[in-house]
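# Overview (structure and organization)
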Amino acid sequence: MKNELYNFKFSILIILILSTGCAEKMSVADGNYSEQIRLNQIGYYPGASKKAVIVNGNGAMDFQLVDAKTMKTVFHDKLSEEMSWELAGEKVQIADFSTVTDDGEYLIYIKSLGYSYPFKIEPHVLKDVFLGSVKAMYYQRMGMALEEKYAGKWHRPMAHPDDSVAFHSSSGKKVGFLNSPGGWYDAGDYNKYVVNGSFPLGQFYLFQEQYPNIIADGELHIPESGNGVSDYLDELKYEMDWLLTMQDEDGGLFHKLTALNFEAMVMPHEANSQRFIVGKGTAATLDFAACAAQAFRIFENTDAIYAQNCLLASKKAYAWALKNPNVEFLNPEGVSTGQYGDKNFDDEWFWANAELFISTQNEKYLNALTKDPFNFEFVPGDNWTKFMRFMGMFTLLENRTGMPQEVYESLKTGILRTADELLKRTQELDYFQPLDDFQWGSNSDVLNAALLMSQAYRLDPKPDYLIAVQHAADYVLGNNATGYSFITGFGHKTPMFIHHRQSEADGIVEPVPGLISGGPNFGKQDTSDGVVYPENASPMQSWVDQEPSYASNEICLNWNAPLTYVLGFLEQESN
Ligand code: 9MR
């Protein structure tokens, strides 16, 4: 990578020395790119819609597309008229180079601004970042050492064995310990939460169900590589194995395994506060029931016994929820880590009923999920409380066996309607993103909206849906009001100071790669902890690359999962 970059810069330098003096061109050789040209910093599929956003172009009228090898202009066109974009507080113009389809590496050049970052046009252009988004889950593993041969410079010692975790009184147990090893760290913190283990795992499963075994055995380079099973399944099983341990004998799920308070910004093996099994509730139990029913279908072909165990566990959880339909989780006194709370369990019931119906074909689940009108409203923010309703719908639409035609039709109509609303937004909004409300984890809302539109594309392959999903990927990869590609290690300007304990404490300059930052958050809840955002930051710019910014620059499982889906979907549908 570094060599490539060096060669690239060197060849530009030679060409520029040979050409007559041009100050802007020299600046590329210095790695001095214009941050006012916003685009997908990785690149575009040949057939994709390709639009860069030019911020404050100083009256610029046109742009050139320059071949990075020859530095010759291969395409030029007019910029769009200047528009005012309120959400970003910017004046912008669009450079549309969709008609360029030849493979290559390019830069955009605008006389008054200089060069954009170089980017590619080629098939499978997002494959590496797609793989990186899954490998990131390996880097989140606990309960095992990350060996250098798999983790490279981010290797680290064994930490958090979680083999005898004390029960907190909120769990309903008074004595004993739970053996609950493994799984992924939720985010920048070292705790694990059943709600936010099941939900992202469900999103990862959705991709596997729709595009099976896209990642081959060996492709992620993880300890299980070479066992004859897709590395994707191996990685997901690491989290599933842990989730199964969080089920109590009566079927209910403990809410989380956590220290009482968030640890200091230290390495995992230095975060040694006592951990507890905390709480037990309906949301965690139903989310687990849904995810474990999905796991039955996902592992059926590779490990039938494991698959059956997952289904049994799912039914047992569902039975507990029937008897305990309203057990809300609230952090007990003395516990201040993530709450992942929810009062309304309709979405969780819907998801569990849908997955159990498809996995068992038992009509009682179908009857339960059709008793209330379907709700198709897409609402951003705290998506671990509500997006799982859509997950249930996607599963129903994907697996039609046994489903009454009218149920199918009504789901299809509803999803397409919501997708059309989101699509309309992408055609109107600042960076072609489907979202104008930027809450905690807004990047995942952008990606979940894209995931929904990708389901619409599977139901009705209108090119506009694919374009909108592509634009959501462009958004998180750099075509946004911050000018950052939000995925660590992928792009030219990426977050270097994510709120992630290992990345902060490991002494390595680059953060752990493949993790998506939460993104702009107009709530800026961390200002009370001293985080300073740019003065008068617009909603889309309420993001800072600062380690203390847990409200804008943390990473999280349920943010990476839709990233993986969207990138994987594009890899499958755009090539
Ligand atoms: O993603 C969660 C966000 O929607 C909430 O507004 C926020 C505050 O409750 O919590 C976020 O989840 C955090 C979790 O509680 C603990 N691990 C890190 C998560 C990401 O910030």
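Residues numbered from 1 in each chain as written. Predicted model: local features only at pLDDT ≥ 70, side-chain atom pairs only at ≥ 80, totals over all residues. Heavy atoms only, no water.

## Focus on the sheet that holds strand E12 (residues 177-178)
Applicable threshold: Whether two strands pair depends on DSSP finding at least two bridges between them. Secondary structure counts use DSSP, requiring at least four H or I residues in a row for a helix and at least two E residues in a row for a strand, with both numbered from the N terminus.
Taken together, the five strands give an open sheet; going across it, the order is E12-E11-E15-E14-E13, and neighbouring strands pair in mixed fashion. A strand with exactly one partner marks an edge of an open sheet, and here the two such strands are E12 and strand E13 (192-193). The pairing of strand E11 (residues 165-167) with E12 spans two bridges and is classified as antiparallel. Each residue of the ladder has a partner; that of valine 165, found in E12, is leucine 178.

## Some remarks on the nonpolar core
Here is a general trend for soluble globular proteins: nonpolar side chains tend to be buried in one another's company. Let me state the cut-off plainly: For the purposes of this section, nonpolar cores are sets of buried Ala, Val, Leu, Ile, Met, Phe, Trp, Tyr and Cys residues that join through side-chain atoms within 4.5 Å. For each residue, the accessible area found with a 1.4 Å probe, counting protein chains only, is set against the maximum for its type, and the residue is called buried under 20%, exposed over 50%, and partly exposed in between. Either an automatic procedure or a domain database provided the assignment from which the domain bounds are taken. The contact criterion used is simple: two residues touch if any of their non-hydrogen atoms lie within 4.5 Å.
In terms of nonpolar packing, the biggest core is built from 176 residues, with Phe97, Ile108, Leu126 and Met240 touching the most fellow members. Per-domain counts for this core show at least three residues from each of domain 1 (33-121) and domain 2 (127-484 + 553-573). Residues within four places of methionine 240 in sequence aside, it is in contact with Leu201, Tyr205, Phe288, Cys291, Ala292, Ala295, Tyr306 and Cys310. Judged by nonpolar contacts, the second largest core, of eight residues, contains Val66, Leu107, Tyr109 and Tyr117.

## Side note on the packing of helix H9 (residues 346-360) against helix H11 (residues 387-398)
Two packed helices can be described by the angle between their axes and the distance between those axes. So the rule is basically this: Axes here refer to lines fitted to C-alpha atoms; in helices the fit is confined to the stretch in contact. Angles between the N-to-C directions go from 0 to 180 degrees. Relative orientations are named as follows: roughly parallel for angles under 35 degrees, roughly antiparallel for angles over 145 degrees, roughly perpendicular for angles from 65 to 115 degrees, and oblique for any other angle. Left-handed describes a crossing whose near helix is turned anticlockwise from the far helix through less than a right angle; right-handed describes the clockwise counterpart.
Two elements in contact, H9 and H11, have axes whose closest approach is 7 Å; the angle formed by their N-to-C orientations is 20°. Here H11 runs roughly parallel to H9, going by the angle between their axes. Here H9 runs over H11; the crossing is left-handed. Residues Asp347, Glu348, Phe350, Trp351, Ala354, Glu355, Phe357 and Ile358 of H9 form the contact with H11, whose own contacting residues are Met388, Arg389, Met391, Gly392, Met393, Thr395 and Leu396.

## Topic: the site of the ligand
Our working rule: Definition of nearness: a residue and a molecule or strand are near each other if at least one heavy atom of the residue lies within 4 Å of the molecule or strand. Polar contact is defined as a pair of N or O atoms within 3.5 Å, subject to the rule that within protein one atom must be able to donate a hydrogen and the other to accept it, and that residues adjacent in sequence are counted only when both atoms are side-chain atoms. As defined here, a cavity is a set of points on a 1 Å grid over the protein atoms alone where a 1.4 Å probe fits but cannot get out. A pocket is an open set with protein on both sides within 12 Å along at least five of seven lines, and residues line them when an atom is within 4 Å of a point. For a molecule to be placed in a cavity or pocket, more than half of its atoms must lie within 2 Å of the grid points of that cavity or pocket.
Taken together, the neighbourhood of the ligand is formed by Asp186, Ala187, Asp189, Tyr193, Gly338, Tyr340, Asp382, Trp384, Trp440, Glu554, Cys556 and Trp559. A distance of 3.2 Å is found between an oxygen atom of the ligand and a side-chain nitrogen or oxygen belonging to tryptophan 384. Measuring from an oxygen atom of the ligand, one finds a side-chain N or O atom of tryptophan 440 at 3.1 Å. Assessed atom by atom at 2 Å from the grid points, the ligand resides in the second largest pocket.

## Focus on the domain arrangement of the chain
Interfaces are often described in size by the accessible area the parts lose on coming together. Here is the rule: Buried area: the accessible area, evaluated with a 1.4 Å probe, that two parts lose upon being put together, summed over both parts.
If you check the domain split of the chain, you get domain 1 (33-121) and domain 2 (127-484 + 553-573). Computed over C-alpha atoms, the centres of domain 1 and domain 2 are 35 Å apart. Each side of the interface is counted separately: domain 1 has 18 residues, and domain 2 has 23 residues. Summed over both partners, the interface of domain 1 with domain 2 comes to about 1,600 Å²; 55% of that surface belongs to carbon and sulfur atoms.

## Describing the environment of arginine 400
Here arginine 400 shows up in the loop between H11 and helix H12 (405-428). Spatially, the C-alpha atom of arginine 400 lies 8.3 Å from that of isoleucine 358, the residues being 42 residues apart in sequence. Aside from chain neighbours lying at most four places away, what touches arginine 400 is Gln405 and Tyr408.

## Looking at the layout of surface pockets
Going by this rule: Grid points are joined across faces, edges and corners, and a volume is the space filled by probe spheres set on the points.
In this structure, the second largest pocket encloses a volume near 560 Å³. Every residue lining the second largest pocket is counted, 25 residues in all, and those nearest its centre are Gly338, Gln339, Tyr340, Trp440 and Glu554.

## Looking at the packing of aromatic side chains
Put simply, the rule is: Aromatic pairing here means that ring centres of Phe, Tyr or Trp (its six-membered ring) are within 6.5 Å. Orientation follows from the plane angle: under 30 degrees is stacked, over 60 is edge-to-face, and everything else is tilted. Criterion for a charge above a ring: Arg CZ or Lys NZ at most 6 Å from the ring centre, at most 35 degrees from the ring normal.
Under the definition given, this model contains 38 aromatic pairs. An angle of 75° between the planes, with centres 6.3 Å apart, marks the rings of phenylalanine 204 and tyrosine 232 as edge-to-face. On the criterion of sequence distance, the pair formed by phenylalanine 204 in helix H5 (residues 195-210) and tyrosine 232 in helix H6 (residues 231-245) is long-range, its members being 28 residues apart. In this structure phenylalanine 204 comes out as buried when scored by relative accessible area, which is 0%. Between the aromatic rings of tyrosine 565 and phenylalanine 569, the centroid separation amounts to 6.2 Å while the plane-to-plane angle is 20°, which identifies the pairing as stacked. With tyrosine 565 and phenylalanine 569 both in helix H16 (residues 557-573) and four residues apart, this pair spans about one turn of that helix. Assigned by exposure class, tyrosine 565 and phenylalanine 569 land together as buried. Each residue in the set Phe130, Trp184, Phe204, Phe207, Tyr211, Tyr232, Tyr457, Tyr565 and Phe569 is aromatic and connected to the rest through ring pairs, giving one cluster. Directly above the ring of tyrosine 306 sits lysine 237, whose terminal nitrogen or CZ lies 4.4 Å from the centroid. Looking at arginine 458, its charged tip hangs above the ring of tyrosine 211, at a distance of 4.8 Å from the centre.

## Observations regarding the environment of alanine 159
Mapped onto the fold, alanine 159 is located in the loop between helix H4 (148-151) and E11. A sequence separation of 13 residues divides alanine 159 from leucine 146, and the C-alpha atoms of the two residues are 9.7 Å apart. Those residues within four positions of alanine 159 in sequence are excluded, and the remaining contacts are Met142, Gly143, Met144, Tyr185, Pro268 and His269.

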